[in-house]
Amino acid sequence: AMRKPARLALVLFCAEQGFAGMFSGRVLDSVGGDLATSELFLLGTRGRAALAERGVEAGWHDAMPSHSPGVPKLADRVAQALYKQIAQGRIDHLDVVFSQWQGGQGIRVERRRLFPFDFAAFPHPKAADAPLLNLAPAVLLRGLTADYMHAQLCKAALHAFAAENQARMEAMAAARSGIERQLSSLRAKQRQVRQEEIT
């Protein structure tokens, strides 16, 4: 029997506000051909515009919060949209793509698999005793899975939020430097013209 191809979904954390340089473009570039063939969940108003410029539309989109305390509610909305698609059998692989800023290294784009879970990422406990459970294992696993997914979405959103703010600060610093260079050049020109008038 032939295996049906995996249905990939991407959660893309792009820019919400302007003046952040190529912030959204780098996120979109990082996924390559998957951009045109995946189910897209896009965060960020400016990112949606950047996606439209490429002739691609996200099946689901939302704005990034203006303050970090809004991140958990955003993660709730994303998770609900994802669970709906997963329950309908429209997604069987899920990656989250976000920018991360690290001092001295700048901003880099990260892509992480959220679903199906990589159980190798969770080390086995060293204790031989089984944990004491007060819930049925299936109920406990469902709750832990939901909490894990929510935590990973929050983590990605917070990294993206911080990276976008850093990108905006760098763009503003570069613009200020450019303005100062232009101002210096204009002042030198003004002195030269004044000297010519005097002579």
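First things first, this report covers the structure right here in the doc.

Criteria and cut-off values
Residues numbered from 1 in each chain as written. Predicted model: local features only at pLDDT ≥ 70, side-chain atom pairs only at ≥ 80, totals over all residues. Heavy atoms only, no water. Helix = DSSP H or I, 4+ residues; strand = E, 2+ residues; numbered from the N terminus. Rg over C-alpha atoms; globule rule 2.2 N^0.38 Å. Buried < 20%, exposed > 50% of the residue type's maximum accessible area, 1.4 Å probe, protein only. Contact = heavy atoms within 4.5 Å. Areas by Shrake-Rupley, 256 points an atom, 1.4 Å probe, with all protein chains shown as cover. Lys, Arg positive; Asp, Glu negative; His and termini not counted. Charge placed at Lys NZ, Arg CZ, Asp CG, Glu CD. Pairing = 2+ DSSP bridges. Core = buried A, V, L, I, M, F, W, Y, C linked by side-chain atoms within 4.5 Å. Disulfide = S-S within 2.5 Å. Salt bridge = Lys/Arg side-chain N within 4 Å of Asp/Glu carboxyl O. Axes fitted to C-alpha atoms, helices over the stretch in contact; angles between N-to-C directions. 1 Å grid on protein atoms, 1.4 Å probe; cavity = no way out; pocket = protein on both sides within 12 Å on 5 of 7 lines; lining within 4 Å. Points joined across faces, edges and corners; volume = space filled by probe spheres on them. Nonpolar A, V, L, I, M, F, W, Y, C, P; charged D, E, K, R; others polar. Polar contact = N/O pair within 3.5 Å; in protein donor to acceptor, adjacent residues only side chain to side chain.

1. Let's talk about the overall build of the chain
Next up, step 1: Scanning the chain from N- to C-terminus turns up five helices and five strands.
Next up, step 2: Shown N-terminal to C-terminal, the secondary structure of the chain runs as helices and strands in the order β-α-α-β-α-β-α-β-β-α.
Next up, step 3: For the chain, whose C-alpha radius of gyration is 23 Å, the value lies well above the compact-globule estimate of 16 Å for 199 residues.
Next up, step 4: Along the three orthogonal principal directions, the C-alpha set of the chain runs to about 95 × 40 × 30 Å.
Next up, step 5: Looking at the chain as a whole, 32% of its 199 residues qualify as buried.
Next up, step 6: Of the contacts formed within the chain by residues at least 6 apart in sequence, a portion of 63% connects residues at least 24 apart.
Next up, step 7: Total accessible area on the chain stands at roughly 12,900 Å², and carbon and sulfur atoms take up 57% of it.
Next up, step 8: Distance between charge centroids for the chain: 1 Å, based on 25 positive and 19 negative side chains.

2. So, the pairing of strand 5 (residues 106-115)
Next up, step 1: As paired strands, strand 4 (residues 93-102) and strand 5 are joined by nine bridges and run antiparallel to one another. Residue pairing across strands places Leu 94 opposite Phe 115, the latter belonging to strand 5.

3. A short note on the nonpolar core
One broad rule of soluble globular proteins: the nonpolar side chains tend to lie buried together.
Next up, step 1: Grouped together as the largest cluster of nonpolar side chains are 25 residues, with contacts concentrated most on Val 11, Phe 13, Leu 82 and Leu 153.
Next up, step 2: Where this core is concerned, the elements lending two or more residues are strand 1 (8-13), strand 2 (39-43), helix 4 (71-87), strand 4 and helix 5 (137-198).
Next up, step 3: If sequence neighbours within four positions are ignored, Leu 153 has contacts with Val 11, Phe 13, Ala 75, Val 78, Ala 79, Leu 82 and Leu 114.
Next up, step 4: In terms of nonpolar packing, the next biggest core, distinct from the first, is built from 15 residues, Leu 10, Leu 35, Leu 51 and Ala 58 among them.

4. Thoughts on the state of the cysteines
Next up, step 1: Applying the stated rule across the entire model yields zero disulfides.
Next up, step 2: Cys 14 carries a free sulfur, and the closest cysteine sulfur to it, the one in Cys 154, is 18 Å from it.

5. Some words on the pattern of salt bridges
Next up, step 1: Applying the stated criterion to the full structure yields nine salt bridges.
Next up, step 2: Across the salt bridge formed by Arg 77 and Asp 62, the nearest N and O atoms sit 2.6 Å from each other. Here the residue Arg 77 occupies a position in helix 4, and Asp 62 occupies one in strand 3 (residues 60-62), the gap between them amounting to 15 residues.
Next up, step 3: Under the relative-accessibility criterion, Arg 77 is labelled partly exposed at 39%.
Next up, step 4: Through salt bridges with shared partners, a single ionic network connects Asp 34, Asp 95, Arg 111 and Arg 113.

6. Examining the sheet that holds strand 2
Next up, step 1: On the basis of which strands lie adjacent, the open sheet formed by five strands has the order 3-2-1-4-5 and mixed pairing. At either margin of the open sheet sits one strand with a lone partner, and together these are strand 3 and strand 5. Recorded for the sheet is a direction-independent mean angle of 15° between the axes of neighbouring strands.
Next up, step 2: As paired elements, strand 2 and strand 3 share three bridges and run parallel to each other.

7. Let's talk about the layout of surface pockets
Next up, step 1: A volume near 490 Å³ is recorded for the largest pocket.
Next up, step 2: The wall of the largest pocket is formed by 16 residues, among which Phe 119, Phe 122, Leu 141, Leu 144 and Thr 145 lie closest to the centre.
Next up, step 3: A per-class count over the lining of the largest pocket returns twelve nonpolar, two polar and two charged.

8. Here's the deal with the side chain of Glu 110
Next up, step 1: For Glu 110, the position within the fold is in strand 5.
Next up, step 2: Exposure remark for Glu 110: the relative accessible area of 12% places this residue in the buried category.
Next up, step 3: A distance of 2.5 Å separates polar atoms of two side chains, one belonging to Glu 110 and the other to Arg 108.
Next up, step 4: Beyond its immediate stretch of four places on either side in the chain, Glu 110 contacts Val 96, Val 97, Phe 98 and Gln 100.

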